[in-house]
Amino acid sequence: MISMVNYEQVIQLALERGFYFPSCGIYPDAPAGFWEYGPSGVSLKNKFIELWRRELVRRDRMWEIDGSQIMSQSVFLASGHLSSFADPVVKCQKCGSIFRADKMIAEVCSVVIPESAELEAFDRTIAEKNIRCPKCKGALDGAKKFNMMFRVGIGPQDEPAYLRPETCQSIFVDFPRLYKTMRGRLPIGVAQIGKSFRNEISPRQSLLRLREFYQAEIEVFCNPGRLDEIDGFSEVEGTVLNIMADDTIRPMTCREAYERRTVPNKLVAYYLGLLAEFYKKTGIDTSRSRFRKLGEKEKAFYASVAFDFEVETATGWLELVACNYRSDYDLTSHGKVSKEKFEVLDDNAKVLPHVFELSMGIDRSLYTILEHSLREDKENERVVLSLKPYLAPVHVGVLSLVKKDGLAEKTEEIFSRMRTRYDAFLDHSGAIGRRYRRLDEVGAPFAVTIDHQTLQDGTVTVRSRDSMAQERVSTADLDSYISRSVAFP
RNA sequence: GCGGAGUUAGUCUAGCCCGGCAUGACGUCAGCUUCCCAAGCUGAAGGCCGCGGGUUCAAUUCCCGCACUCCGCACCA
(Lines give C-alpha, C1' and ligand atoms only; values in the text may rest on other atoms or scores of the structure.)
Protein backbone atom coordinates (compact mmCIF):
# COMPACT_ATOMS: atom_id res chain seq x y z
CA MET A 1 0.00 0.00 0.00
CA ILE A 2 2.26 2.73 1.22
CA SER A 3 5.88 1.87 0.82
CA MET A 4 9.21 3.35 1.75
CA VAL A 5 11.44 4.69 -0.95
CA ASN A 6 15.06 4.26 -1.89
CA TYR A 7 17.84 6.64 -2.81
CA GLU A 8 17.16 6.35 -6.55
CA GLN A 9 13.57 7.50 -6.14
CA VAL A 10 14.66 10.56 -4.19
CA ILE A 11 17.17 11.48 -6.90
CA GLN A 12 14.52 10.95 -9.56
CA LEU A 13 12.08 13.24 -7.77
CA ALA A 14 14.83 15.81 -7.22
CA LEU A 15 15.68 15.85 -10.93
CA GLU A 16 12.12 15.80 -12.25
CA ARG A 17 10.61 18.31 -9.86
CA GLY A 18 13.41 20.84 -9.63
CA PHE A 19 14.77 20.14 -6.15
CA TYR A 20 18.42 19.69 -7.11
CA PHE A 21 20.59 18.58 -10.02
CA PRO A 22 24.27 18.41 -11.05
CA SER A 23 26.09 21.68 -11.59
CA CYS A 24 27.40 22.76 -15.03
CA GLY A 25 25.41 19.90 -16.56
CA ILE A 26 25.56 21.05 -20.17
CA TYR A 27 29.36 20.95 -20.28
CA PRO A 28 31.46 17.81 -20.53
CA ASP A 29 34.01 19.01 -17.98
CA ALA A 30 31.49 19.38 -15.15
CA PRO A 31 33.37 18.41 -11.99
CA ALA A 32 31.91 15.94 -9.52
CA GLY A 33 30.74 17.07 -6.12
CA PHE A 34 28.90 20.24 -7.14
CA TRP A 35 25.10 20.32 -7.21
CA GLU A 36 22.59 23.12 -7.56
CA TYR A 37 19.21 23.71 -6.00
CA GLY A 38 16.30 24.38 -8.34
CA PRO A 39 13.20 26.37 -7.43
CA SER A 40 11.60 23.66 -5.29
CA GLY A 41 14.89 22.96 -3.54
CA VAL A 42 15.54 26.61 -2.74
CA SER A 43 12.04 27.02 -1.38
CA LEU A 44 12.46 23.96 0.85
CA LYS A 45 15.92 25.10 1.94
CA ASN A 46 14.76 28.60 2.83
CA LYS A 47 11.97 27.20 4.98
CA PHE A 48 14.30 24.71 6.64
CA ILE A 49 16.65 27.58 7.50
CA GLU A 50 13.76 29.62 8.84
CA LEU A 51 12.81 26.71 11.10
CA TRP A 52 16.43 26.47 12.27
CA ARG A 53 16.42 30.18 13.07
CA ARG A 54 13.20 29.90 15.02
CA GLU A 55 14.03 26.74 16.95
CA LEU A 56 17.68 27.38 17.73
CA VAL A 57 18.89 30.93 17.03
CA ARG A 58 15.88 32.85 18.32
CA ARG A 59 14.82 30.36 20.94
CA ASP A 60 18.25 30.52 22.58
CA ARG A 61 18.80 34.21 21.78
CA MET A 62 21.90 33.50 19.73
CA TRP A 63 23.71 35.95 17.48
CA GLU A 64 23.75 35.13 13.79
CA ILE A 65 26.57 36.35 11.58
CA ASP A 66 27.46 35.93 7.92
CA GLY A 67 31.20 35.68 7.36
CA SER A 68 33.51 35.64 4.35
CA GLN A 69 33.91 32.45 2.40
CA ILE A 70 37.49 33.35 1.57
CA MET A 71 39.71 33.71 4.60
CA SER A 72 43.36 34.57 5.06
CA GLN A 73 46.12 32.02 5.38
CA SER A 74 46.73 33.01 9.00
CA VAL A 75 43.28 31.84 10.00
CA PHE A 76 44.08 28.33 8.85
CA LEU A 77 47.58 28.44 10.25
CA ALA A 78 45.95 29.05 13.63
CA SER A 79 43.07 26.62 13.17
CA GLY A 80 45.39 23.78 12.23
CA HIS A 81 43.82 23.21 8.83
CA LEU A 82 47.00 24.05 6.91
CA SER A 83 48.91 21.26 8.55
CA SER A 84 46.23 18.79 9.57
CA PHE A 85 43.54 19.01 6.92
CA ALA A 86 45.71 17.19 4.42
CA ASP A 87 46.59 13.71 3.21
CA PRO A 88 50.15 12.62 2.36
CA VAL A 89 50.38 11.60 -1.32
CA VAL A 90 53.10 10.45 -3.72
CA LYS A 91 53.06 10.79 -7.47
CA CYS A 92 54.61 8.46 -10.05
CA GLN A 93 57.08 10.31 -12.28
CA LYS A 94 56.34 8.01 -15.21
CA CYS A 95 52.58 7.38 -15.36
CA GLY A 96 51.39 10.26 -13.16
CA SER A 97 49.29 8.06 -10.84
CA ILE A 98 48.78 9.48 -7.37
CA PHE A 99 48.69 7.36 -4.23
CA ARG A 100 47.92 7.95 -0.60
CA ALA A 101 51.47 7.59 0.73
CA ASP A 102 50.60 5.90 4.03
CA LYS A 103 48.11 3.48 2.43
CA MET A 104 50.36 2.55 -0.46
CA ILE A 105 53.42 1.92 1.72
CA ALA A 106 51.37 -0.18 4.15
CA GLU A 107 50.03 -2.23 1.24
CA VAL A 108 53.34 -2.78 -0.51
CA CYS A 109 55.66 -3.55 2.41
CA SER A 110 53.47 -3.63 5.55
CA VAL A 111 55.30 -0.72 7.15
CA VAL A 112 52.80 1.41 9.04
CA ILE A 113 53.53 5.13 9.04
CA PRO A 114 50.90 7.37 10.63
CA GLU A 115 49.10 9.67 8.24
CA SER A 116 50.24 12.71 10.23
CA ALA A 117 53.97 11.81 10.06
CA GLU A 118 56.55 14.18 8.61
CA LEU A 119 56.88 13.90 4.83
CA GLU A 120 60.53 12.78 5.22
CA ALA A 121 59.33 9.61 6.95
CA PHE A 122 57.49 8.55 3.79
CA ASP A 123 60.43 9.46 1.53
CA ARG A 124 62.84 7.55 3.74
CA THR A 125 60.77 4.37 3.69
CA ILE A 126 60.22 4.60 -0.06
CA ALA A 127 63.97 4.87 -0.56
CA GLU A 128 64.87 2.15 1.98
CA LYS A 129 62.41 -0.39 0.64
CA ASN A 130 62.97 0.72 -2.96
CA ILE A 131 59.23 1.15 -3.51
CA ARG A 132 58.24 1.83 -7.12
CA CYS A 133 54.90 2.76 -8.67
CA PRO A 134 52.48 -0.14 -8.01
CA LYS A 135 50.99 0.40 -11.46
CA CYS A 136 53.88 0.88 -13.86
CA LYS A 137 57.00 0.36 -11.72
CA GLY A 138 58.12 3.93 -12.44
CA ALA A 139 60.08 6.03 -9.96
CA LEU A 140 58.12 7.97 -7.34
CA ASP A 141 58.35 11.67 -6.57
CA GLY A 142 58.86 12.90 -3.03
CA ALA A 143 55.79 12.79 -0.77
CA LYS A 144 53.58 15.88 -0.70
CA LYS A 145 50.63 16.99 1.37
CA PHE A 146 47.37 17.13 -0.52
CA ASN A 147 45.42 19.75 1.38
CA MET A 148 41.65 19.40 1.17
CA MET A 149 41.19 23.17 1.25
CA PHE A 150 40.73 25.05 -2.02
CA ARG A 151 43.53 27.60 -2.33
CA VAL A 152 42.77 30.93 -3.99
CA GLY A 153 45.12 33.71 -4.99
CA ILE A 154 44.13 37.25 -4.09
CA GLY A 155 44.98 40.29 -6.18
CA PRO A 156 47.79 40.66 -8.74
CA GLN A 157 50.29 39.38 -6.16
CA ASP A 158 48.32 36.14 -5.87
CA GLU A 159 48.40 36.34 -2.07
CA PRO A 160 47.51 32.93 -0.66
CA ALA A 161 44.10 32.51 0.94
CA TYR A 162 41.61 29.67 1.20
CA LEU A 163 37.95 28.91 0.78
CA ARG A 164 36.82 28.06 4.28
CA PRO A 165 36.48 24.32 4.96
CA GLU A 166 34.01 25.02 7.78
CA THR A 167 31.98 28.10 8.58
CA CYS A 168 32.90 28.27 12.24
CA GLN A 169 36.33 29.89 11.86
CA SER A 170 34.80 33.32 11.27
CA ILE A 171 32.78 32.86 14.44
CA PHE A 172 35.95 32.29 16.46
CA VAL A 173 37.81 35.13 14.73
CA ASP A 174 34.92 37.55 15.25
CA PHE A 175 34.19 36.54 18.82
CA PRO A 176 36.12 39.33 20.64
CA ARG A 177 34.42 42.09 18.61
CA LEU A 178 30.99 40.49 18.91
CA TYR A 179 31.32 40.06 22.64
CA LYS A 180 32.27 43.70 23.15
CA THR A 181 29.77 45.29 20.80
CA MET A 182 26.75 43.06 21.40
CA ARG A 183 26.97 43.25 25.21
CA GLY A 184 27.71 39.58 25.60
CA ARG A 185 27.24 37.34 28.63
CA LEU A 186 28.23 33.71 28.85
CA PRO A 187 26.95 31.35 27.75
CA ILE A 188 26.26 32.79 24.32
CA GLY A 189 25.62 30.99 21.04
CA VAL A 190 26.89 32.43 17.77
CA ALA A 191 25.34 30.97 14.65
CA GLN A 192 26.12 31.05 10.99
CA ILE A 193 24.66 29.61 7.80
CA GLY A 194 26.78 29.50 4.72
CA LYS A 195 28.85 27.59 2.26
CA SER A 196 31.97 25.61 3.04
CA PHE A 197 34.38 24.00 0.62
CA ARG A 198 36.38 20.81 0.77
CA ASN A 199 38.33 19.31 -2.08
CA GLU A 200 37.09 15.78 -1.45
CA ILE A 201 38.99 13.04 -3.22
CA SER A 202 35.86 11.19 -4.10
CA PRO A 203 32.56 13.04 -3.77
CA ARG A 204 29.56 10.72 -3.85
CA GLN A 205 25.82 10.42 -3.65
CA SER A 206 24.67 13.85 -4.76
CA LEU A 207 23.93 16.00 -1.72
CA LEU A 208 25.51 13.60 0.76
CA ARG A 209 29.16 14.24 -0.10
CA LEU A 210 29.78 17.57 -1.79
CA ARG A 211 32.83 19.69 -2.48
CA GLU A 212 30.78 22.85 -1.96
CA PHE A 213 28.11 22.56 0.67
CA TYR A 214 25.95 24.42 3.17
CA GLN A 215 26.57 24.30 6.87
CA ALA A 216 24.56 25.72 9.72
CA GLU A 217 26.97 26.01 12.59
CA ILE A 218 26.44 27.10 16.16
CA GLU A 219 29.32 27.77 18.51
CA VAL A 220 28.28 28.11 22.12
CA PHE A 221 30.84 30.06 24.16
CA CYS A 222 30.68 29.11 27.79
CA ASN A 223 32.43 29.32 31.13
CA PRO A 224 33.96 25.88 31.71
CA GLY A 225 33.41 26.31 35.45
CA ARG A 226 29.66 26.86 35.10
CA LEU A 227 28.57 24.16 32.65
CA ASP A 228 25.81 22.95 34.93
CA GLU A 229 24.21 26.37 35.33
CA ILE A 230 21.93 26.53 32.33
CA ASP A 231 18.77 28.62 32.66
CA GLY A 232 16.78 26.90 29.93
CA PHE A 233 17.53 23.35 30.99
CA SER A 234 14.10 22.82 32.53
CA GLU A 235 12.54 23.48 29.11
CA VAL A 236 14.15 20.40 27.61
CA GLU A 237 14.74 18.14 30.61
CA GLY A 238 11.91 15.83 29.50
CA THR A 239 13.01 15.71 25.86
CA VAL A 240 14.01 12.21 24.82
CA LEU A 241 17.42 11.61 23.28
CA ASN A 242 18.32 8.30 21.62
CA ILE A 243 21.84 8.01 22.88
CA MET A 244 24.15 5.41 21.47
CA ALA A 245 27.14 4.51 23.58
CA ASP A 246 29.03 1.21 23.50
CA ASP A 247 27.01 -0.06 20.51
CA THR A 248 23.59 0.15 22.14
CA ILE A 249 20.95 2.81 21.58
CA ARG A 250 19.06 3.83 24.72
CA PRO A 251 16.31 6.40 24.80
CA MET A 252 16.59 8.67 27.81
CA THR A 253 15.44 12.14 28.74
CA CYS A 254 17.90 15.00 28.84
CA ARG A 255 17.70 14.94 32.62
CA GLU A 256 18.47 11.20 32.79
CA ALA A 257 21.31 11.61 30.30
CA TYR A 258 22.79 14.30 32.49
CA GLU A 259 22.23 12.58 35.81
CA ARG A 260 23.81 9.34 34.59
CA ARG A 261 26.69 11.36 33.12
CA THR A 262 26.11 9.81 29.68
CA VAL A 263 26.27 13.44 28.67
CA PRO A 264 29.01 15.29 30.58
CA ASN A 265 27.12 18.39 31.69
CA LYS A 266 23.85 20.29 31.60
CA LEU A 267 24.99 22.63 28.86
CA VAL A 268 25.66 19.79 26.40
CA ALA A 269 22.45 18.01 27.43
CA TYR A 270 20.49 21.22 26.87
CA TYR A 271 21.77 21.78 23.34
CA LEU A 272 21.32 18.14 22.36
CA GLY A 273 17.76 18.54 23.57
CA LEU A 274 17.19 21.67 21.47
CA LEU A 275 18.63 19.86 18.48
CA ALA A 276 16.38 16.83 18.98
CA GLU A 277 13.31 19.06 19.20
CA PHE A 278 14.35 20.92 16.06
CA TYR A 279 14.74 17.74 14.04
CA LYS A 280 11.36 16.44 15.18
CA LYS A 281 9.81 19.50 13.58
CA THR A 282 11.56 18.92 10.23
CA GLY A 283 9.47 15.80 9.63
CA ILE A 284 12.48 13.50 9.79
CA ASP A 285 11.54 10.22 11.47
CA THR A 286 13.47 10.72 14.70
CA SER A 287 12.61 7.23 15.90
CA ARG A 288 15.31 6.29 13.40
CA SER A 289 17.84 8.73 14.78
CA ARG A 290 20.58 8.52 17.37
CA PHE A 291 23.19 10.60 19.10
CA ARG A 292 26.26 8.44 18.70
CA LYS A 293 28.92 9.07 21.29
CA LEU A 294 32.26 8.93 19.54
CA GLY A 295 35.11 6.87 20.88
CA GLU A 296 38.59 8.25 21.55
CA LYS A 297 39.92 7.30 18.12
CA GLU A 298 37.00 8.70 16.13
CA LYS A 299 36.96 12.17 17.64
CA ALA A 300 38.52 15.16 15.96
CA PHE A 301 41.77 16.17 17.63
CA TYR A 302 40.23 19.22 19.30
CA ALA A 303 37.16 17.48 20.72
CA SER A 304 37.06 16.23 24.27
CA VAL A 305 33.48 14.95 23.95
CA ALA A 306 31.69 14.36 20.67
CA PHE A 307 28.26 13.15 19.61
CA ASP A 308 27.23 12.65 16.01
CA PHE A 309 23.55 13.09 15.34
CA GLU A 310 22.79 10.36 12.82
CA VAL A 311 19.65 9.30 10.99
CA GLU A 312 18.88 6.06 9.24
CA THR A 313 18.39 6.51 5.50
CA ALA A 314 18.30 4.29 2.42
CA THR A 315 22.08 4.73 2.29
CA GLY A 316 22.61 3.64 5.89
CA TRP A 317 23.21 5.77 8.99
CA LEU A 318 23.94 9.29 7.88
CA GLU A 319 25.66 11.95 9.98
CA LEU A 320 23.64 15.17 9.95
CA VAL A 321 25.19 17.08 12.83
CA ALA A 322 28.54 16.86 14.58
CA CYS A 323 28.32 18.00 18.21
CA ASN A 324 31.78 18.64 19.57
CA TYR A 325 32.97 20.02 22.85
CA ARG A 326 36.01 21.86 21.47
CA SER A 327 37.11 23.23 24.85
CA ASP A 328 39.47 26.24 24.43
CA TYR A 329 41.30 24.76 21.45
CA ASP A 330 40.19 27.36 18.91
CA LEU A 331 40.33 30.49 21.05
CA THR A 332 43.73 29.56 22.43
CA SER A 333 45.27 28.97 19.02
CA HIS A 334 43.72 32.08 17.46
CA GLY A 335 44.89 34.03 20.51
CA LYS A 336 48.45 32.79 20.05
CA VAL A 337 48.70 33.49 16.34
CA SER A 338 46.83 36.82 16.31
CA LYS A 339 47.81 38.18 19.77
CA GLU A 340 44.15 39.11 20.17
CA LYS A 341 42.73 38.68 23.69
CA PHE A 342 39.88 36.18 23.92
CA GLU A 343 39.37 36.24 27.69
CA VAL A 344 36.10 37.75 28.87
CA LEU A 345 34.65 38.70 32.21
CA ASP A 346 32.13 36.27 33.64
CA ASP A 347 30.92 36.16 37.23
CA ASN A 348 33.52 38.84 38.08
CA ALA A 349 36.37 36.63 36.90
CA LYS A 350 38.44 36.60 33.76
CA VAL A 351 37.81 33.44 31.80
CA LEU A 352 38.82 32.02 28.43
CA PRO A 353 35.54 30.59 27.14
CA HIS A 354 35.20 27.01 26.05
CA VAL A 355 33.23 26.15 22.93
CA PHE A 356 30.52 23.60 22.37
CA GLU A 357 29.62 23.26 18.71
CA LEU A 358 26.62 22.02 16.71
CA SER A 359 27.83 21.67 13.15
CA MET A 360 24.91 20.85 10.90
CA GLY A 361 25.01 19.67 7.29
CA ILE A 362 22.11 21.40 5.56
CA ASP A 363 22.27 19.50 2.27
CA ARG A 364 22.26 16.15 4.04
CA SER A 365 19.39 17.27 6.22
CA LEU A 366 17.37 18.29 3.18
CA TYR A 367 18.05 14.96 1.50
CA THR A 368 16.89 13.13 4.61
CA ILE A 369 13.73 15.24 4.84
CA LEU A 370 12.94 14.34 1.24
CA GLU A 371 13.64 10.65 1.75
CA HIS A 372 11.64 10.38 4.95
CA SER A 373 8.74 12.36 3.49
CA LEU A 374 8.44 10.58 0.17
CA ARG A 375 5.78 7.88 -0.06
CA GLU A 376 4.49 5.71 -2.82
CA ASP A 377 0.72 5.51 -2.39
CA LYS A 378 0.03 2.48 -4.57
CA GLU A 379 -3.67 2.33 -3.76
CA ASN A 380 -4.19 5.75 -5.29
CA GLU A 381 -1.42 5.41 -7.86
CA ARG A 382 0.49 8.42 -6.73
CA VAL A 383 3.78 9.60 -5.30
CA VAL A 384 3.33 11.87 -2.31
CA LEU A 385 5.88 14.10 -0.65
CA SER A 386 4.38 14.48 2.81
CA LEU A 387 6.45 17.46 3.91
CA LYS A 388 5.47 19.45 6.94
CA PRO A 389 3.22 22.20 5.53
CA TYR A 390 5.58 24.94 6.75
CA LEU A 391 8.47 23.39 4.81
CA ALA A 392 6.60 22.70 1.56
CA PRO A 393 8.05 24.45 -1.54
CA VAL A 394 4.48 25.18 -2.61
CA HIS A 395 2.04 25.98 0.19
CA VAL A 396 -1.06 25.85 -1.92
CA GLY A 397 -2.08 25.10 -5.49
CA VAL A 398 -4.81 27.30 -6.90
CA LEU A 399 -6.75 25.50 -9.62
CA SER A 400 -9.73 26.18 -11.84
CA LEU A 401 -11.87 23.11 -12.25
CA VAL A 402 -12.44 24.16 -15.86
CA LYS A 403 -11.17 27.14 -17.76
CA LYS A 404 -14.44 28.44 -19.19
CA ASP A 405 -17.55 30.10 -17.73
CA GLY A 406 -15.43 32.71 -15.99
CA LEU A 407 -13.78 30.21 -13.66
CA ALA A 408 -10.29 31.00 -14.96
CA GLU A 409 -10.77 34.69 -14.16
CA LYS A 410 -12.16 33.94 -10.72
CA THR A 411 -9.22 31.61 -10.05
CA GLU A 412 -6.71 34.27 -10.99
CA GLU A 413 -8.43 36.74 -8.73
CA ILE A 414 -8.15 34.38 -5.77
CA PHE A 415 -4.56 33.52 -6.72
CA SER A 416 -3.47 37.15 -6.81
CA ARG A 417 -4.85 37.68 -3.32
CA MET A 418 -2.67 34.83 -2.04
CA ARG A 419 0.52 34.96 -4.03
CA THR A 420 2.48 37.47 -1.98
CA ARG A 421 1.55 35.83 1.32
CA TYR A 422 2.16 32.21 0.38
CA ASP A 423 4.07 30.13 -2.10
CA ALA A 424 1.02 29.62 -4.29
CA PHE A 425 0.95 27.88 -7.65
CA LEU A 426 -1.63 28.71 -10.32
CA ASP A 427 -2.73 25.99 -12.74
CA HIS A 428 -5.57 25.94 -15.26
CA SER A 429 -4.62 23.22 -17.66
CA GLY A 430 -5.22 19.49 -17.83
CA ALA A 431 -7.36 17.07 -15.91
CA ILE A 432 -7.93 18.04 -12.29
CA GLY A 433 -6.60 14.69 -10.99
CA ARG A 434 -3.36 15.14 -12.88
CA ARG A 435 -2.88 18.56 -11.38
CA TYR A 436 -3.50 17.22 -7.87
CA ARG A 437 -0.89 14.49 -8.46
CA ARG A 438 1.69 17.01 -9.64
CA LEU A 439 1.15 19.06 -6.49
CA ASP A 440 1.42 15.88 -4.38
CA GLU A 441 4.89 15.31 -5.81
CA VAL A 442 6.27 18.71 -4.80
CA GLY A 443 4.68 18.34 -1.39
CA ALA A 444 2.02 21.05 -1.63
CA PRO A 445 -0.15 20.37 1.42
CA PHE A 446 -3.27 22.00 -0.01
CA ALA A 447 -5.01 22.62 -3.30
CA VAL A 448 -7.78 25.17 -3.65
CA THR A 449 -10.19 24.45 -6.50
CA ILE A 450 -12.55 27.02 -7.96
CA ASP A 451 -15.72 25.49 -9.48
CA HIS A 452 -19.20 26.63 -10.60
CA GLN A 453 -20.45 26.72 -7.06
CA THR A 454 -17.73 29.29 -6.25
CA LEU A 455 -19.46 31.79 -8.54
CA GLN A 456 -22.77 31.21 -6.77
CA ASP A 457 -21.90 31.07 -3.07
CA GLY A 458 -18.26 32.16 -2.83
CA THR A 459 -16.93 28.85 -1.51
CA VAL A 460 -14.04 26.79 -2.85
CA THR A 461 -12.92 23.23 -2.21
CA VAL A 462 -9.75 22.73 -0.23
CA ARG A 463 -8.20 19.35 -0.93
CA SER A 464 -5.59 18.06 1.46
CA ARG A 465 -2.57 16.24 0.16
CA ASP A 466 -2.21 13.38 2.62
CA SER A 467 -5.84 12.32 2.99
CA MET A 468 -7.09 13.51 -0.41
CA ALA A 469 -10.15 14.68 1.53
CA GLN A 470 -11.99 17.81 0.45
CA GLU A 471 -13.92 20.42 2.33
CA ARG A 472 -15.68 23.58 1.26
CA VAL A 473 -14.29 26.81 2.62
CA SER A 474 -15.62 30.30 2.07
CA THR A 475 -13.23 32.54 0.12
CA ALA A 476 -13.61 35.03 2.97
CA ASP A 477 -12.09 32.46 5.37
CA LEU A 478 -9.49 31.14 2.95
CA ASP A 479 -6.65 33.36 4.09
CA SER A 480 -6.99 32.48 7.77
CA TYR A 481 -7.48 28.81 6.87
CA ILE A 482 -4.24 28.63 4.87
CA SER A 483 -2.30 30.87 7.18
CA ARG A 484 -3.18 28.66 10.18
CA SER A 485 -2.38 25.50 8.24
CA VAL A 486 1.06 26.46 6.97
CA ALA A 487 2.23 28.33 10.06
CA PHE A 488 5.48 27.32 11.71
CA PRO A 489 4.91 25.39 14.93
C1' G B 1 42.31 6.74 -5.57
C1' C B 2 41.23 1.03 -6.47
C1' G B 3 37.64 -2.77 -8.43
C1' G B 4 32.88 -3.51 -10.93
C1' A B 5 28.56 -1.66 -13.77
C1' G B 6 26.69 2.20 -16.57
C1' U B 7 25.82 7.10 -19.69
C1' U B 8 20.53 7.49 -26.01
C1' A B 9 14.72 13.88 -25.33
C1' G B 10 12.62 16.51 -18.78
C1' U B 11 12.34 10.91 -17.07
C1' C B 12 12.64 5.70 -18.34
C1' U B 13 13.97 2.97 -22.57
C1' A B 14 14.80 -0.04 -27.82
C1' G B 15 18.70 -0.24 -31.21
C1' C B 16 24.96 -1.83 -30.34
C1' C B 17 27.07 -8.65 -31.01
C1' C B 18 26.07 -8.14 -37.00
C1' G B 19 28.20 -0.04 -38.88
C1' G B 20 23.73 2.48 -43.42
C1' C B 21 17.66 8.43 -41.94
C1' A B 22 17.13 7.50 -33.89
C1' U B 23 12.49 3.50 -31.18
C1' G B 24 8.61 3.35 -27.73
C1' A B 25 6.38 4.92 -23.25
C1' C B 26 5.61 8.55 -19.53
C1' G B 27 5.91 13.65 -18.88
C1' U B 28 5.50 18.79 -21.14
C1' C B 29 2.80 22.36 -24.48
C1' A B 30 -1.71 23.68 -27.69
C1' G B 31 -6.77 22.43 -29.13
C1' C B 32 -11.37 19.48 -28.48
C1' U B 33 -14.10 16.82 -24.84
C1' U B 34 -15.26 15.52 -19.67
C1' C B 35 -15.94 18.31 -14.98
C1' C B 36 -13.19 16.75 -8.45
C1' C B 37 -8.56 12.68 -8.38
C1' A B 38 -2.72 10.44 -13.63
C1' A B 39 -9.74 9.07 -18.64
C1' G B 40 -10.22 9.90 -24.17
C1' C B 41 -9.20 12.17 -29.15
C1' U B 42 -6.08 15.48 -32.39
C1' G B 43 -1.63 18.02 -33.03
C1' A B 44 3.28 19.96 -31.55
C1' A B 45 7.90 20.86 -29.34
C1' G B 46 11.96 18.37 -27.33
C1' G B 47 18.30 14.41 -29.22
C1' C B 48 25.54 16.93 -31.97
C1' C B 49 23.12 8.87 -28.94
C1' G B 50 28.36 11.85 -22.18
C1' C B 51 33.11 14.26 -24.27
C1' G B 52 37.59 13.78 -27.35
C1' G B 53 40.35 10.96 -30.75
C1' G B 54 40.99 6.59 -34.10
C1' U B 55 39.29 2.87 -37.91
C1' U B 56 35.76 3.36 -42.15
C1' C B 57 32.85 5.76 -48.12
C1' A B 58 29.83 5.90 -43.58
C1' A B 59 30.17 5.31 -36.18
C1' U B 60 24.72 5.66 -31.43
C1' U B 61 26.98 0.84 -33.08
C1' C B 62 33.91 -1.27 -33.56
C1' C B 63 38.83 0.47 -30.97
C1' C B 64 41.52 3.93 -27.50
C1' G B 65 41.52 7.88 -23.91
C1' C B 66 38.85 11.09 -20.62
C1' A B 67 34.69 12.96 -17.71
C1' C B 68 30.51 11.95 -14.99
C1' U B 69 26.85 8.65 -12.41
C1' C B 70 25.84 4.25 -9.49
C1' C B 71 27.60 -0.06 -6.30
C1' G B 72 31.60 -1.99 -3.16
C1' C B 73 36.55 -0.71 -0.87
C1' A B 74 39.39 3.23 1.01
C1' C B 75 38.86 8.28 2.74
C1' C B 76 35.54 11.52 5.64
C1' A B 77 37.07 17.91 11.20
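Everything that follows concerns the structure shown earlier in this document.
Predicted model only: the values in this text are computed from it and were never measured.

**Quick word on the nonpolar core**
- Among the nonpolar cores identified, the biggest contains 73 residues, and Tyr20, Trp52, Leu275, Tyr279, Phe356 and Met360 are the most heavily contacted of them.
- Among the elements that take part in this core, helix α10 (residues 266–281) stands out by supplying eleven residues, more than any other.
- Every residue in contact with Phe356, bar those within four places of it in the chain, is listed here: Ile218, Glu219, Val220, Leu267, Val268, Tyr271, Leu272, Cys323, Asn324 and Tyr325.
- Core analysis: the second largest hydrophobic core is formed by 18 residues, Leu407, Tyr422, Val448 and Ile450 among them.

**Describing the side chain of Ser206**
- Among the secondary structure elements, Ser206 is positioned in the loop between β11 (188–197) and β12 (212–222).
- At 3.1 Å, the side chain of Ser206 and the side chain of Tyr7 are in polar contact.
- Aside from chain neighbours lying at most four places away, what touches Ser206 is Tyr7, Ile11, Tyr20 and Trp35.

**Here's the deal with the packing of helix α2 (residues 39–58) against helix α12 (residues 362–373)**
- At their nearest, the axes of α2 and α12 sit 11 Å apart, and the two run at 110° to each other. Classified by the angle between their axes, α2 and α12 sit roughly perpendicular to one another. For the pair α2 and α12, the contacting residues are Leu44, Lys45, Phe48 and Ile49 in the first and Ile362, Ser365, Leu366, Ile369 and Leu370 in the second.
- Per-class residue counts for the contact of α2 with α12 are seven nonpolar, one polar and one charged.

The rules we used
Residues numbered from 1 in each chain as written. Chains lettered and ligands numbered in written order. Predicted model: local features only at pLDDT ≥ 70, side-chain atom pairs only at ≥ 80, totals over all residues. Heavy atoms only, no water. Core = buried A, V, L, I, M, F, W, Y, C linked by side-chain atoms within 4.5 Å. Buried < 20%, exposed > 50% of the residue type's maximum accessible area, 1.4 Å probe, protein only. Helix = DSSP H or I, 4+ residues; strand = E, 2+ residues; numbered from the N terminus. Contact = heavy atoms within 4.5 Å. Polar contact = N/O pair within 3.5 Å; in protein donor to acceptor, adjacent residues only side chain to side chain. Axes fitted to C-alpha atoms, helices over the stretch in contact; angles between N-to-C directions. Parallel < 35°, antiparallel > 145°, perpendicular 65-115°, else oblique. Nonpolar A, V, L, I, M, F, W, Y, C, P; charged D, E, K, R; others polar.

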